[in-house]
Every structure is written in structure tokens, then in C-alpha cells.
Number of protein chains: 2
Amino acid sequence: MKALLIIIDGAADRALKSLNRKTPLEVAHKPNIDKLAKDGITGIMDPITPGISVGSDTAHLALLGYDPFKTYTGRGAFEALGAGVELKPGEIAFRTNFATVDENMRVIDRRAGRYIEEAKEFEKIINSISLKDNPDVEIFFKHTVEHRGVLVLRGKGLSRFISDTDPHEIGVRVLESKPLVDTPEAKKTANVINEFTRIIYNLLKDHPLNRSRAKRGLPPANILLLRGAGVLPTIKPLSEKFKIKAACIAGIALVKGVAKAVGMDIINVPGATGGLDTDVLAKVKYAIKALRDYDFVFIHYKGTDAASHDGNVWAKIRMIERIDSAVGYLIERIKLDETYIVITADHATLTEETRNHSGDFVPLLIHGPGVISDDVDMFCERACLKGGLGRIRGLDLMNIIMNYLNKVEKFGE
Amino acid sequence: MKALLIIIDGAADRALKSLNRKTPLEVAHKPNIDKLAKDGITGIMDPITPGISVGSDTAHLALLGYDPFKTYTGRGAFEALGAGVELKPGEIAFRTNFATVDENMRVIDRRAGRYIEEAKEFEKIINSISLKDNPDVEIFFKHTVEHRGVLVLRGKGLSRFISDTDPHEIGVRVLESKPLVDTPEAKKTANVINEFTRIIYNLLKDHPLNRSRAKRGLPPANILLLRGAGVLPTIKPLSEKFKIKAACIAGIALVKGVAKAVGMDIINVPGATGGLDTDVLAKVKYAIKALRDYDFVFIHYKGTDAASHDGNVWAKIRMIERIDSAVGYLIERIKLDETYIVITADHATLTEETRNHSGDFVPLLIHGPGVISDDVDMFCERACLKGGLGRIRGLDLMNIIMNYLNKVEKFGE
């Protein structure tokens, strides 16, 4: 028996005015997923508990079976793992942006124009930095995509409890990092970050690469903004917890990072962009292959969440429909009597109201051998309210899936 | 976006013989509330967990988002706050009854005839008491309604872990207060209470006010019975937790006290008695006004619970119908596309069987913009069993409401 989990990021929503009080999942034409709902069991799920709003990191931890209140140690760590950086216990990882600041360190462009051709050169410069005030701390930087990257501090006595330097808005000065707790470790780490920020600005402000960018009319990449300090979480991997081999197919670093943190292998798929333009079919094709070698395969689609953050209802619907066609391809090619298919969202993203994550419930379907079907014949929030699974919590999901695979150890005798 | 929470105290019940196996909420004619159920989402709720019976204090704490197992510190504190007494940390508050005892301190009337005309005079006498054995402890007393009042001990080294002096039945002697834990604080507080009880009896037994009552054929108010020792709970107020302004409209001191403890403003409404005779419409009118200034308004109706304690099924039904008419007035006058209306009960009260609170589930409805409606078109226990919210817990309610108002902070990124 194998299981395939498809998480459609931010797919759930509220009853929208522009859809005549329906949700995007209700409006989308998705005959394949609805067929799975019809033949399977459905329900609703709170990623944490009812009403609690979650990030993609905490939501994925919960849905993969790890209590985020116990295992979440900051987003930076997952970004680093997802970017292929080997993170060791005690090291502090940050998400970073190349950005443009003026001579008063005021942020003019939080993305330095977004496309940084010279990123690899800048990467070398940053990796050559040595700190004078904190000579025992080593800097490691890796550029990922566009203006984004990951910075890691390597050294002893560091802490993740420090504030961001990224002010998250333009027109204001780069922030000084501050210790969030009163410990020598947090003070030292904030000090390291502030020294690093001064050094990098001095190195980059008049750098030939930036003078060249200016000549071409591009904003200089003269600062690195840091946010989301994190450390490697202490986690018992899925292989130990359930004695399974698990793989993740995702486009974005964060989800790959969470998957890696819980001990999944990462399968990189050409064309998996993590955006609306992702190759939905390619992910499914790789998943079909992976199901031969792995007990549990997890496919993540990000486009729905991106469309919601943009407030684009129809792009969200279209993305759901594209995923449905990939599911159609899938179910014709795998053995449905040997494979559980689980489809859900990691959280709702409110396309009309806040354009952000919310604490609303999400729909869930489980299809596979031995599953007791209910009367629901559609995969959407409203229909799944009547689902046979009732209302479960994110942390229950992996146990339910692993139980179908008969991988859950008996408690008691 | 605003939210209005209406709690109908003890409204839930069991299938009653006298109603041909229906519940009071099923039998009551309540077209307005049922319309909200039809257009909204419904479900059932356990104030704590299934089967656990709750007091009005613990139920309201839970429904307002505070775990009573962590925040409940005795009923006396809420009564004091609700009576408008400023309670400081460390002070011990009691609910009190004026009562009648014989020369052997045996209770003859637990309410001293219930109506104590001379209450204000007695209040002065009690507030002039100074303790000889415990000169560092100050006594503060406030009469509230009928035979009821609040007593506060002010001083250092006091404890709420002492037993009541109120024997809760007639024919037996006033109890000696005993320490419930083996600490010097509890011993001292029990000692204070026992000294106070001796002093007040000696002051009041032959007092001219009581001689005058005797002449008029009234039982003397010659003792003050104490119960429900409590201290101010340590609570993060709603304003900090959700960054909202919240107001409470209630007739009874206990509910006002809980609301005040969690940081709500108390709006006093003329005609709000907390009984079956309350002005149901006046509360709604004040709530409509309050919704202009507050994010969250909570209306409490007590009459249903009072009717249940009296075993009066039809009074309960009639009270539900009166509340329904007030809801009808409300929904014609507020912007339904900008306001969430939530209706529930704090617990069930069994009108036929025990005439007391029980651990049965209660029905719940949420109506408002973006809410995904279910098929339920009636607000009652039986119909809400099929509701889309499924079965939630009291502690989830505020998170769900605040999520609709987009006031829940995201956990993770």
C-alpha cells in the first residue's frame, strides 16, 4: 500500500461576493477530484484548532504530523534546508532579500528590482566577509531565486531570538536587530547581525557591480535584509516515526525545507516553479514514478495561494482546474486499489478580504482501498461540511493516512 | 467588521417528556433566529468537553476564550467585579447572604426573608468592623440586591483556599471556615473569617434594626453567610489578545464580573434585570449603539436559565420567543454584511430532571459575511447536530469569531 498526499496551498476560502457567495473550490470545474470525493470519504480540517491562522511553515509541520507549538523553530531554518543548505544544530538561518537603500539606509526597493543578474558575484563577496567584532562567527550565504537567498551564521553561543533587520516596508530605515530575550546569546547574535549589515553596505554601496547596474538604469543591490531567524528543529523523522520512505515534490524552498526537516527525500522536478506557471503535470508524472520506490509521496501546489495573495479569484479557480486535469492523468495511471490519494489544503487564503492566510477550516478527501465512503460527491468547503470524517485537526492527518497504510504502532496491547 | 455574541443562558435542554420528546428550543416559535440559522452555519458545542457540567462563571470564561482550568480563581472574584467593587491582586472576595440564625447559630432562613430594607444600614455596620485577632486585615462589604452582597478581605498573606461558612441548608449551624490547604495563608484567612462571623453575630443579634424587623414580623438579618472565596484572575485582556474593543450587556453581576475580568467594558442597561422580566429589547437597542464604538459586543440573557432552575418549561419557551423578537428588531437595524451574529448557550439547564446545569452540548449559529452556510434551517439542539461546524469546544468559539473579524494573529509565516 502506498499513499499520495496532494496539498493545494491556500485553496480553501470563504463564500465570496464575486462568486455569488460560493467559494473558488465550489466554482472550479474539477471532475476528477470530485470523482475521488464521491468514491472516498471527506471532511473538514483545522490546520491547528478552529480559528487559528497559520503560516505555510507551521501548517505543513502540522499536516505532516509534527506539533508546530513543539517543533517550530523559525522560518529561516526551513528556507535554508529547502535551498539545499546543510544546517547544523546551533546555526542560525535567515531568509534574505537583496534590496536598495539610499545613503541614509532608507529602503527604496525591498527587492532591488527583483532580478539580480549579478547574484552569484554578490554571493562570493558576501561569503568573503569576516567579522572583526565577532571573529568566531562565520557567515555563509546562498542566493536562491530572484532577489532571495539564505544567510547562515556559524559559531557558538548564538540564538534565534533576535529581531529582523528587514523593515518590511519602503521609505523607512533598515532596522537594527535587537535581542528578543535577555540572554548573552541573543545579544551576541543581534550584535553579529548589526555588524554584518554595516559591513555589507560599505562593501556594496560603491561596488563596480552596482555602478554597472546604475548605468543600466537598475536599482543597486546594496544591502541584504534579514528576517525569520531560525534553527534546525529537533524532530524524529518520518522514517523512524512510521518506518516509511517518504518523498516530497514541491516548487518552493520553504515546503522543501519543511519536508527535509521531517526526513523526506526531495525530488526536484524540472518546470516546478512554485507559481501559477508551474508544470502541474510534470509533478504528477514524477510522483507516479516515485510511488514505485516510496511509501508516501507528497505533492505541493503553490499557485492557488499565490493567486489568493494577489486577490485574483479566477486565477485561483483556473489553477484548481489545472491541478484537476493533472489528477485526471494520475488516476488513470496508478493502481487505485493499492494507493491512497489524500487531497487537502494547508490553510485557507482569503482572496477577497485580507488576501492573506486565515484560521478557517479546509476541506479534505481520502480515497483508497477499504475507505468507507460517505454521501459527499464534491471536493469543496460546503460539501465537505457533511463529510464522514467530521472535523479533524491537522495533527490527525498523518496518523489517519499512516493507519490506512497499517504503519501506526499499537499503543497498549 | 463587527461581531455580536448573544448567549442565552441555560437555553439548551434535553428531549423533554412534557414537550413530547422535543426541547424548548425546538418548540419555541423563533422565526428570526431560525432565519439566521438558515443563512449561516451551525453546529454543536461543548462548553468544556463532552459531558462536563459547568457553572455560569467557568462556562463564560471558556466561551470568551479563557481556559477555566487555568484562569478560574473562585466565583467570589467575579461577583465582586460585577458588583462594581475594585478588586486588587491578593484580596479575597466572597459572595454573601444575609441570613437568620437562632441562638445556637443554626440557620433558620438562608435569605433572612429575601428583601432587606435596612441593607444600607447593615452595610455601614459591617464596614465599621475591625478585627482584634487580625488587625492587619481590613473588611469591605457591599450590598448588591435582595439578601445578596460581596465581602472583600484586604490585607497581606491571605488565601482563597478556605471553606465556606454558608452551610447551604437550613436547620444546621453556620460552618466554621477551614483551611483547604496546609499553608499559613489559608489558616490565617479561615481564622479571619471565623473571627468576622463571631463579631457580626454579636453586633447584629440584638441590634435595633433587627428588633424593629422582629416587630414587623420579619426574620432578623443577624448573620452574613460567606461562600465562593475568590481572587482576581491573572488574565491577558481581550484588548491585548485580539486588539479589539469589547463590551458586555448583561443583567447579572456574575456575568458582568467575568466580562470585566477579561477586559470588556460593561454597559448598564436600564430594565436589564437578569430575570424573566428583563427588557429584552432594551439590551438589543444598547447593543446596536455599542456596535458603533466596539468591535465585539456580547449580550447575555439570563431568564431561560432561571426558568429552567424553576422547572418551568413554558416560561423557558416564552423567554426564548421574547429574545427572538428582540433579534428580529436587531437584524432589521444593523448592517448584516458588516456584522457577524453568533448565538449560543453557555450550557444546558435541565428543566425536567435536575433543574440544574448539565454537561450536555449546546447549539451554536454563526451568521455573517463570507460564512459558508450549511443545510440547517433551525436553531435547536437536534437540527444543529447536522450543522457544518460539527462539534466544537467552548474555547474555540472566540478564535472562530475573531478569525472572521481577521483579528487572529498568524502563527508562523
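Criteria and cut-off values
- Residues numbered from 1 in each chain as written.
- Chains lettered and ligands numbered in written order.
- Predicted model: local features only at pLDDT ≥ 70, side-chain atom pairs only at ≥ 80, totals over all residues.
- Heavy atoms only, no water.
- Phe/Tyr/Trp six-rings, centres within 6.5 Å; stacked < 30°, edge-to-face > 60°.
- Helix = DSSP H or I, 4+ residues; strand = E, 2+ residues; numbered from the N terminus.
- Buried < 20%, exposed > 50% of the residue type's maximum accessible area, 1.4 Å probe, protein only.
- Lys NZ or Arg CZ within 6 Å of the ring centre and 35° of its normal.
- Contact = heavy atoms within 4.5 Å.
- Buried area = accessible area lost by both parts, 1.4 Å probe.
- Salt bridge = Lys/Arg side-chain N within 4 Å of Asp/Glu carboxyl O.
- Polar contact = N/O pair within 3.5 Å; in protein donor to acceptor, adjacent residues only side chain to side chain.
- Nonpolar A, V, L, I, M, F, W, Y, C, P; charged D, E, K, R; others polar.
- Pairing = 2+ DSSP bridges.

Caption draft 1: How the structure looks around the packing of aromatic side chains. Counted according to the given criterion, the structure contains 10 aromatic pairs over all chains. Aromatic pair F69 of chain A and F411 of chain B: ring centres 4.5 Å apart, planes at 5°, arrangement stacked. Taken together, the residues span two chains, with F69 of chain A in helix α4 (residues 68-71) and F411 of chain B in the segment after α15 (394-404). Centroid distance F98 of chain B to F122 of chain B: 5.4 Å. Interplanar angle 45°. Geometry classified as tilted. Residue F98 of chain B is found in strand β3 (residues 92-101), and its partner F122 of chain B is found in helix α6 (residues 119-127); the two are separated by 24 residues along the sequence. The pair F98 of chain B / F122 of chain B is uniform in exposure class, with both members buried. Here the guanidinium or amino end of K241 of chain B rests over the ring plane of Y66 of chain B, the centre of that ring lying 4.1 Å away.

Caption draft 2: Region of the structure containing the interface of chain B and chain A. The interface is formed by 25 residues belonging to chain B together with 38 residues belonging to chain A. Between chain B and chain A the total buried area reaches about 2,400 Å² when both faces are included, carbon and sulfur atoms providing 53% of it. Area buried by chain B at its contact with chain A is led by I372, F411 and E413 of chain B, which between them contribute 34% of it. For the interface between chain B and chain A, the tally reads 3 salt bridges. In this structure, K386 of chain A and D375 of chain B form a salt bridge, with 2.3 Å as the shortest nitrogen-oxygen distance. Scanning the region where chain B abuts chain A turns up 17 residue pairs in polar contact (both at pLDDT 80 or more). Top contributing element to the side of chain B that touches chain A by residue count: α15 of chain B, with 5 residues. Taken together, the residues of the side of chain B that touches chain A sort by class into 12 nonpolar, 7 polar and 6 charged.

Caption draft 3: Summary view of the pairing of strand β3 (residues 92-101) of chain A. All names here are of chain A. With 10 of 10 residues buried, β3 lies mostly within the body of the structure. In β3, alternate side chains face the same way, and those of I92, F94, T96, F98 and T100 on one face and A93, R95, N97, A99 and V101 on the other are all buried. The sheet contact formed by β3 and strand β6 (residues 148-154) spans 6 bridges and is antiparallel. Across the sheet, the residue bridging to A93 is V152, located in β6. Note: β3 against strand β7 (residues 223-230), 6 bridges, orientation antiparallel. Looking at the pairing, A93 lines up with G230 of β7. Across 2 bridges, the pairing between β3 and strand β4 (residues 107-109) is antiparallel. The partner of T100 across the bridge, within β4, is D109. Between the end of β3 and the start of β4, which pair antiparallel, lie 5 residues, with M105 showing a positive phi angle near 65°.

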